[in-house]
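Residues per chain are reported as follows:
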Amino acid sequence: MDLREKSRQLLESGDVKAVIGYEQGTMGARRPAFVKKAEKADRLVFDEACAQNLATYLTRPEIRKLGRVAITARPDTLRAILQLMAERQVKEENVLALAGDGTVELASAQAIEEHLATSAKELPARDREILERLSKMDRAQRWAFWQGELSRCVKCYACRNSCPMCYCGHCTMDCNRPQWVPVASHALGNLEYHMVRAMHLAGRCVECGDCGRACPVGIPIHLLTFNCEESVHHQFGQRAGASSKLDYALSTFRPDDKETFIR
Ligand code: SF4
Ligand code: SF4
């Protein structure tokens with residue numbers, strides 16, 4: 001049985017209200033597909049070109065109100081689903097992940113965790129090369145690198161909109177009474193936006209890279225949140241997307257926490 005047949009069966013039986021997957025887009029690209037009728041399941045494809053993290057749709061009101069949905073899921077989509085469960089944004093009973101070639105049903109958080117334990121995470125070569133360069137820089141050089149990159153930002157917010165962990169209904173960036181962060185694209189405002197975003201994602205980023213892929217000017221913005229995630233892992237031993245039962249490291253307190261940041 002392939003993904004299309006499985007989707008058809010799930011929709012016909014009423015087991016799920018929709019299948020969130022990919023379909024053929026333009027120029028060989030893939031785009032998200034939301035299939036609600038069994039006879040439309042033939043639109044679905046699932047191959048190497050399917051890069052977008054579809055978990056970002058699970059928190060949209062239009063999807064939430066459907067009830068249980070199936071979602072074709074690569075490993076980073078599975079990590080995002082677990083993290084969304086940990087943050088009480090997705091109910092376990094409302095998601096059926098279709099992993100592997102799209103036919104492996106993972107119906108519970110435990111099944112997802114076990115499946116992830118068998119798949120290794122590997123960064124693309126370009127990311128590895130930039131991270132390697134950054135690791136050799138001192139603090140001033142890293143600051144200059146990011147200031148240079150962020151100065152190119154056009155404030156389109158595609159990075160925010162593509163991120164499965166940016167699900168707030170009302171983002172501070174869109175708030176104009178008061179205007180916390182300038183709307184215009186300029187050095188200081190860009191820096192403010194990205195600092196706020198990086199801190200909000202510290203320890204929550206599941207390292208899917210979608211924000212970087214979405215950036216129209218090619219800023220490797222995902223590496224900033226990767227770095228924050230690595231810091232949280234180093235300091236607190238937690239990995240975002242590893243479990244549906246994770247406390248958020250930056251909003252919990254334990255008496256034996258390290259307090260080296262207090263001077
Ligand atoms: S890599 Fe980017 S899009 Fe993916 S979870 Fe992290 S911040 Fe969000
Ligand atoms: S996607 Fe790129 S250009 Fe758009 S706001 Fe994010 S960093 Fe800036």
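Q: Would you mind going over the nonpolar core with me for this structure?
A: Ile-20, Leu-58, Leu-78, Ile-81 and Ile-112 are the most contacted members of the largest nonpolar core, which has 46 residues in total. Mapped onto this core, the elements with two or more residues apiece are helix H1 (3–13), strand S1 (18–24), strand S2 (30–35), strand S3 (44–45), strand S4 (69–72), helix H3 (75–86), strand S5 (95–99) and helix H4 (109–116). Sort the elements by how many residues they give to this core and H3 lands first, with six residues. Not counting chain neighbours up to four residues away, the residues in contact with Ile-81 comprise Ala-55, Leu-58, Ile-71, Val-95, Ala-97 and Ile-112. Core analysis: the next-biggest nonpolar cluster, separate from the first, contains 27 residues, Trp-146, Cys-171, Met-173 and Cys-228 among them.

Q: Explain unusual backbone geometry to me, please; I cannot follow it from the model alone.
A: For residues besides glycine, phi is generally negative; the peptide bonds are generally trans as well. Residue Pro-178 follows Arg-177 across a cis peptide bond; omega there is 0°. With a phi angle near 55°, Lys-155 is a residue other than glycine that sits in the positive phi range. If you trace the backbone, Lys-155 turns up in the loop between helix H6 (139–150) and helix H7 (158–162). For Lys-155, a relative accessible area of 9% corresponds to the buried category. Phi is positive for Glu-207, which is not a glycine, with a value near 60°. Among the secondary structure elements, Glu-207 is positioned in the loop between helix H8 (187–201) and helix H9 (210–214).

Q: Is there a simple way to explain the site of ligand 2 in this structure?
A: Surrounding ligand 2, one finds 13 residues, the nearest of these being Cys-153, Cys-156, Tyr-157, Cys-159 and Cys-215. If you list the elements that add at least two residues to the shell around ligand 2, you get H7 and H8.

Q: I keep staring at the side chain of Arg-74 and nothing clicks. Help me out?
A: Structurally, Arg-74 can be placed in the loop between S4 and H3. Overall, Arg-74 belongs to the buried group, its relative accessible area being 17%. A distance of 2.4 Å separates a polar atom in the side chain of Arg-74 from the backbone oxygen of Ala-51. Sequence-distant contacts of Arg-74, defined by excluding residues within four places in its chain, comprise Tyr-22, Phe-46, Cys-50, Ala-51, Gln-52, Asn-53, Asp-210 and Arg-213.

Q: Looking at this model, I keep getting lost on the confidence of the model for the chain. Mind explaining?
A: Detailed reading of predicted coordinates is not advised where the pLDDT is low. Looking at the chain as a whole, its pLDDT mean stands at 92, while 99% of the residues score no less than 70. Averaged pLDDT values for the elements of the chain fall to 90 in helix H10 (residues 222–236) and rise to 98 in S4.

Q: Before we go on, may I ask you to explain the pattern of salt bridges in this structure?
A: Side chains bearing opposite charge may pair, as long as their charged atoms lie close to each other. Using the criterion set out here, one finds 17 salt bridges in the structure. The partner of Arg-8 in a salt bridge is Glu-5, and the shortest N-O contact between them spans 2.5 Å. Taken together, the residues Arg-8 and Glu-5, both in helix H1 and three residues apart, mark about one turn of the helix. Note that Glu-229 is salt-bridged to Arg-239, the shortest N-O span being 3.4 Å. Taken together, the residues Glu-229 in helix H10 and Arg-239 in the segment after H10 connect sequence positions 10 residues apart. Judged by its relative accessible area of 1%, Glu-229 falls in the buried class. Classification of Arg-239 by relative accessible area gives partly exposed; the value is 27%. Because the salt bridges share partners, they merge into one network encompassing Glu-5, Arg-8 and Asp-42.

Q: Please clarify how the pairing of S5 should be interpreted in this entry.
A: Each regular strand displays side chains that alternate between the two surfaces of the sheet. Of all the five residues making up S5, five are buried; the element is thus mostly covered by neighbouring parts of the structure. The alternating pattern of S5 places Val-95, Ala-97 and Ala-99 and Leu-96 and Leu-98 on opposite faces, both of which are buried. In the classification by handedness, the crossover that spans S4, the intervening H3 and the parallel S5 is right-handed. When S5 meets strand S6 (residues 104–106), the two strands line up antiparallel, connected through three bridges. In the strand pairing of S6, Leu-98 is matched with Glu-105. Here S5 folds back onto S6 in antiparallel fashion, the turn holding four residues, of which Gly-100 has a positive phi close to 60°.

Cut-offs used in this document
Residues numbered from 1 in each chain as written. Chains lettered and ligands numbered in written order. Predicted model: local features only at pLDDT ≥ 70, side-chain atom pairs only at ≥ 80, totals over all residues. Heavy atoms only, no water. Core = buried A, V, L, I, M, F, W, Y, C linked by side-chain atoms within 4.5 Å. Buried < 20%, exposed > 50% of the residue type's maximum accessible area, 1.4 Å probe, protein only. Helix = DSSP H or I, 4+ residues; strand = E, 2+ residues; numbered from the N terminus. Contact = heavy atoms within 4.5 Å. Near = heavy atom within 4 Å. Polar contact = N/O pair within 3.5 Å; in protein donor to acceptor, adjacent residues only side chain to side chain. pLDDT = per-residue confidence, 0-100. Salt bridge = Lys/Arg side-chain N within 4 Å of Asp/Glu carboxyl O. Right-handed = clockwise from strand over helix to strand, strands pointing away. Pairing = 2+ DSSP bridges.

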